[in-house]
Amino acid sequence: MEIFLSIIGGFILGYFTSYFNEKGKNKAAIEDTEEITEKREKVTSKHNLDNTKRKIQYETKSNAYMKYFNLLDELSQNGNAEAQEEFLPALAKFNSDYIPNANDVEKASKAASEFSNSMQKLMFKSQEKYIKFKNETNALKIIAGEEVLKLMTEIDEVSQLSFDVSTKMMKDLAESIISQNLDKLDSQKITLENLATQTNQLKEKLTLEIRKELSEI
C-alpha cells in the first residue's frame with residue numbers, strides 16, 4: 001500500500017510539475033504572441049501614419065504647385081489682355097493726336113504727355129498684379145524642394161527683368177516714335193522676346209523637377 005501510494009504520489013507530483021511547467025511555457029508563448037502582435041500593430045500603425053503623412057504632403061505640394069502655375073498663367077494672360085484692351089487703344093489715340101499735329105509743339109507735347117501717363121498707369125497695374133502673384137506664391141518657398149526653389153527663384157528674376165525692360169520700353173515709346181528712332185525699340189523688343197523664351201524654358205524645367213519631387217514623396 002505504501003509503495004502504491006508512493007507511486008500515485010509520484011505520478012501526481014510529476015503531473016502537476018509537468019502541468020505547471022507546461023502552463024508556464026504556454027503563458028510565455030501567449031506573452032510572446034501578445035508582444036509580437038503589439039509590435040506588429042505598432043509597425044502597422046506607424047506604416048499607416050507614414051502613408052497618411054506622405055499622402056497629405058503629396059496633396060499639399062501638388063495643390064500648391066498647381067496654384068503657382070495657374071497664377072503664373074493668369075499673370076501672362078492679364079498682360080496680353082491689357083495689351084489688347086489698354087495699350088493698343090492708347091497707342092492708336094497717340095498716333096491720331098500726334099501725327100496731324102506734329103508741327104504744333106503744344107498739341108504734340110500734350111499727345112506725348114497723355115500717352116506717357118497712360119503707359120505709367122498700365123505699368124503700375126501690371127506691377128501691382130506681379131506683386132500680388134509673388135505674395136500669393138511666397139508660401140511655396142517653405143515647402144518647395146531645393147531644385148524647385150532654385151528654378152522658381154530664377155523665374156522670379158527673369159519676370160522682374162522682363163517687367164523692368166517693359167517699363168523702360170513704355171516710358172521711351174512716345175519719345176522714340178516722335179524722334180523716329182526705332183533702334184532702341186527693336187533692341188528692347190528682342191530683349192523681351194529672349195526673356196520670354198528663357199521663361200518658357202525655365203517653366204518646362206520646373207514642371208519636370210516638380211514631377212520628380214512629387215514622385216519621390
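Treat the numbers as computed from the prediction; the structure is a model and nothing was measured.

*Asks:* What am I meant to see in the pattern of salt bridges here?
*Replies:* In this structure the tally under the stated criterion is 8 salt bridges. Put simply, Lys125 and Glu86 hold a salt bridge, and the shortest N to O gap is 2.6 Å. Here Lys125 is found in helix H2 (residues 105-137), whereas its partner Glu86 is found in helix H1 (residues 2-98), with 39 residues between them in sequence. Its salt-bridge partner being Lys93, residue Glu114 comes within 3.1 Å of it at the nearest N-O pair. Taken as a pair, Glu114 in helix H2 and Lys93 in helix H1 lie far apart in primary sequence, 21 residues in all. If you follow the salt bridges from partner to partner, you end up with Lys93, Asp97 and Glu114 in one network.

*Asks:* Sorry, what's going on with the packing of helix H4 (residues 146-179) against helix H5 (residues 183-215) here?
*Replies:* For any two helices packed against each other, the geometry is given by the interaxial angle and the distance between the axes. Where H4 contacts H5, the two axes come as close as 9 Å, and the packing angle between them is 160 degrees. With respect to their mutual orientation, H4 and H5 come out roughly antiparallel. The element H4 and its partner H5 pack so that their crossing is left-handed. Tallied by class, residues from the contact of H4 with H5 come to 15 nonpolar, 7 polar and 10 charged.

*Asks:* Can you help me understand the packing of H2 against H4 in this one?
*Replies:* The contact between H2 and H4 brings their axes to 9 Å, and the two run at 175 degrees. Compared by their axis directions, H2 and H4 come out roughly antiparallel. Here H2 contributes Ala112, Phe115, Met119, Met123, Ser126, Gln127, Tyr130, Phe133 and Lys134 to the contact with H4, which in turn contributes Asp156, Ser159, Gln160, Phe163, Ser166, Thr167, Met170, Leu173, Ala174 and Ile178. Looking at the contact of H2 with H4 residue by residue, the classes come out as 11 nonpolar, 6 polar and 2 charged.

Reading the values: the criteria
- Numbering of residues starts from 1 in every chain and runs along the sequence as written.
- The model is predicted, so local features are restricted to residues of pLDDT at least 70 and side-chain atom pairs to those at 80 or more, both for listing and for counting; the totals for chains, interfaces and linings are taken over all residues.
- To get the side-chain values, take all heavy atoms of the structure and skip hydrogens and water.
- For this document, the term salt bridge refers to a Lys or Arg side-chain nitrogen within 4 Å of an Asp or Glu carboxyl oxygen.
- Where helices and strands are cited, they refer to DSSP runs of H or I of at least four residues and of E of at least two residues respectively, numbered from the N terminus.
- Helix axes use the C-alpha atoms of the stretch in contact, all axes being lines fitted to C-alpha atoms, and the angles between their N-to-C directions lie in the range 0 to 180 degrees.
- Reported orientations rely on four angle classes, namely roughly parallel under 35 degrees, roughly antiparallel over 145, roughly perpendicular from 65 to 115, and oblique for the rest.
- Crossings are classed by handedness, with left-handed meaning an anticlockwise turn of the near helix from the far one by less than a right angle and right-handed meaning a clockwise turn.
- Ten residue types, Ala, Val, Leu, Ile, Met, Phe, Trp, Tyr, Cys and Pro, are classed as nonpolar, four, Asp, Glu, Lys and Arg, as charged, and the remainder, Gly among them, as polar.
- We call two residues in contact whenever any of their non-hydrogen atoms come within 4.5 Å of each other.

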